[in-house]
Amino acid sequence: MNVTRSIHTADGSSVTITPIGIEYDLHTRNARGETISTVRMNGDDLSALIAEAEEVQGW
């Protein structure tokens, strides 16, 4: 993933994934656009997170 991607939820919250060099920032915001958290992780951890979300959600 080399471009910023945003995932929007039904309640208006969002998670934006932004590449930062060889790592990624996950920036979460509530429905009002207020920052809840920013987490930096490497590509392997991001892949594991996505795989786990897919498994949990049955994607």
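Just above sits the structure.
This report concerns the structure included in the present document. (Residues numbered from 1 in each chain as written. Predicted model: local features only at pLDDT ≥ 70, side-chain atom pairs only at ≥ 80, totals over all residues. Heavy atoms only, no water.)

1. Things to note about the overall build of the chain
For clarity, the threshold we go by: Counting from the N terminus, the helices are the DSSP runs of H or I reaching at least four residues and the strands are the DSSP runs of E reaching at least two. Throughout this description, buried means an accessible area under 20% of the type-specific maximum (1.4 Å probe, protein chains only), exposed means over 50%, and partly exposed covers the range between. In what follows, residue pairs with any heavy atoms lying within 4.5 Å of each other are defined as contacts. We treat Lys and Arg as the positive residues and Asp and Glu as the negative residues; His and chain ends play no part in the count. Every charge is mapped onto a representative atom, which is NZ of Lys, CZ of Arg, CG of Asp or CD of Glu.
Per the secondary structure count, the chain includes 1 helix and 4 strands. Reading the secondary structure of the chain in the N-to-C direction produces β-β-β-β-α. Along the three orthogonal principal directions, the C-alpha set of the chain runs to about 30 × 30 × 15 Å. Each of the 59 residues in the chain was classed as buried or not, and the buried ones make up 19%. Partitioning the intrachain contacts of the chain with sequence separation of at least 6 by distance along the chain shows that 1% fall at a separation of at least 24. Placing the 4 positive and 9 negative side-chain charges of the chain at their respective mean positions leaves the two points 12 Å apart.

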